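What the coordinates show
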Amino acid sequence: GAVVSQHPSRVICKSGTSVKIECRSLDFQATTMFWYRQFPKQSLMLMATSNEGSKATYEQGVEKDKFLINHASLTLSTLTVTSAHPEDSSFYICSARDFTLKNIQYFGAGTRLSVL
Amino acid sequence: GESVGLHLPTLSVQEGDNSIINCAYSNSASDYFIWYKQESGKGPQFIIDIRSNMDKRQGQRVTVLLNKTVKHLSLQIAATQPGDSAVYFCAETDYGGSQGNLIFGKGTKLSVKP
């Protein structure tokens, strides 16, 4: 299956700092990438959808200035959590989709963000 | 923040038994469905998919059944193994839609007793 690489897997930062998470599709071109947030024992919550070269589409309630998404190439999308606070602590997961691979989304391994 | 008091449905089975995980989906227009497996601390992993023009699809040790009349999806795992222990999510989408974003179910935690 298609491989999506996400880094870092875990990050601990101080309140007020910004954190960047990378998501790469390794063996396919990701026309669309997705960013999810997941709280313990809960399902995945879609934060935003990004298409290569376009601005991301954010879900209702997600602050676009807080969660900056860049999808500059067909294999790389980044999520930057700006001025992180403890309530931003969560598990962030990216996924990538290529329409030539049907509509299957392939997921990265996730990033555990802990804001102190 | 985290929702207080929210618990995943849990299915506990004996190793070697068959497991059936159920999912009710919400959108009558959904025509493509996927089952994902998520192990602790990892991202979801694709298991099997099915389109709405099918009622059943089989993979290796897994079978997905789709009942469009009652909007119900199930995942059957044959001869369940300890490595099958994980949270299983169903996801639905309007494959032909302009966005085709996945909508995830709440998940079911499968625990396999050796």
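Here the structure is shown first, and the text comes after it.
Residues numbered from 1 in each chain as written. Chains lettered and ligands numbered in written order. Predicted model: local features only at pLDDT ≥ 70, side-chain atom pairs only at ≥ 80, totals over all residues. Heavy atoms only, no water.

1. What about the pairing of strand β8 (residues 76–81) of chain A?
Residues and elements named next belong to chain A.
- With respect to burial, β8 is a largely interior element, five of its six residues being buried.
- Both strand β7 (residues 67–73) and β8 contribute to a ladder of five bridges, which runs antiparallel. Bridging across to β8, N70 finds its partner in T78.
- What sits between β7 and β8 in their antiparallel hairpin is a turn of two residues. (Buried < 20%, exposed > 50% of the residue type's maximum accessible area, 1.4 Å probe, protein only. Helix = DSSP H or I, 4+ residues; strand = E, 2+ residues; numbered from the N terminus. Pairing = 2+ DSSP bridges.)

2. Some remarks on the interface of chain A and chain B
- Between chain A and chain B, the contact holds 22 residues from the first and 27 residues from the second.
- Approximately 2000 Å² of surface area, both sides summed, lies buried where chain A meets chain B, with 54% of it carried by carbon and sulfur atoms.
- Sorting the residues of chain A by area buried against chain B places K41, K102 and N103 of chain A first, and these three jointly supply 26% of that buried surface.
- The tally of links from chain A across to chain B stands at zero salt bridges.
- Between chain A and chain B we count four residue pairs in polar contact (both at pLDDT 80 or more) in total.
- For the side of chain A that touches chain B, the secondary structure elements donating two or more residues are β4 (32–38), β5 (45–51), β9 (90–97), β10 (100–103) and β11 (105–107) of chain A.
- A per-class count over the side of chain A that touches chain B returns twelve nonpolar, seven polar and three charged. (Contact = heavy atoms within 4.5 Å. Buried area = accessible area lost by both parts, 1.4 Å probe. Salt bridge = Lys/Arg side-chain N within 4 Å of Asp/Glu carboxyl O. Polar contact = N/O pair within 3.5 Å; in protein donor to acceptor, adjacent residues only side chain to side chain. Nonpolar A, V, L, I, M, F, W, Y, C, P; charged D, E, K, R; others polar.)

3. A word on the environment of Q6 of chain A
Residue and element names in this part refer to chain A.
- Among the structural elements, Q6 can be located in strand β1 (residues 4–7).
- A residue is classified by how much of its surface remains accessible, and Q6, at 5% relative accessible area, is buried.
- On a C-alpha basis, the gap between Q6 and R24 in space is 6.3 Å, while along the polypeptide they are 18 residues apart.
- Not counting chain neighbours up to four residues away, the residues in contact with Q6 comprise I21, E22, C23, W35, Y92, I93, C94, G108, A109, G110 and T111.
- Here the side chain of Q6 touches Y92 through a polar contact of 2.7 Å, landing on its backbone oxygen.
- At 3.1 Å, the side chain of Q6 and the backbone nitrogen of C94 are in polar contact.

4. What about the pattern of salt bridges?
- In this structure the tally under the stated criterion is five salt bridges over all chains.
- Residues D88 of chain A and K66 of chain A are paired through a salt bridge, measuring 2.7 Å at the closest nitrogen-oxygen approach. Here K66 of chain A lies in the loop between β6 (57–58) and β7 and D88 of chain A lies in the loop between β8 and β9, a separation of 22 residues in the sequence.
- By relative accessible area, D88 of chain A is classed as buried at 5%.
- For D84 of chain B, the salt bridge is made with R61 of chain B, and the minimal N-O distance between the two is 2.9 Å. Separated by 23 residues along the polypeptide, D84 of chain B in the loop between β7 (72–77) and β8 (86–93) and R61 of chain B in the loop between β5 (56–58) and β6 (62–67) bring together distant segments of the chain.
- By relative accessible area, R61 of chain B is classed as partly exposed at 29%.

5. A few points about the sheet that holds strand β3 (residues 19–25) of chain A
Residues and elements named next belong to chain A.
- Spatial ordering of the open sheet is given by β1-β3-β8-β7, a layout of four strands whose pairing is antiparallel. Where the open sheet ends on each side, the last strands, each with one partner, are β1 and β7. For this sheet, the mean inter-axis angle between neighbouring strands, taken without regard to orientation, is 15°.
- Note: β1 against β3, four bridges, orientation antiparallel. Its bridge partner being in β3, S5 is matched across the sheet by R24. (Axes fitted to C-alpha atoms, helices over the stretch in contact; angles between N-to-C directions.)

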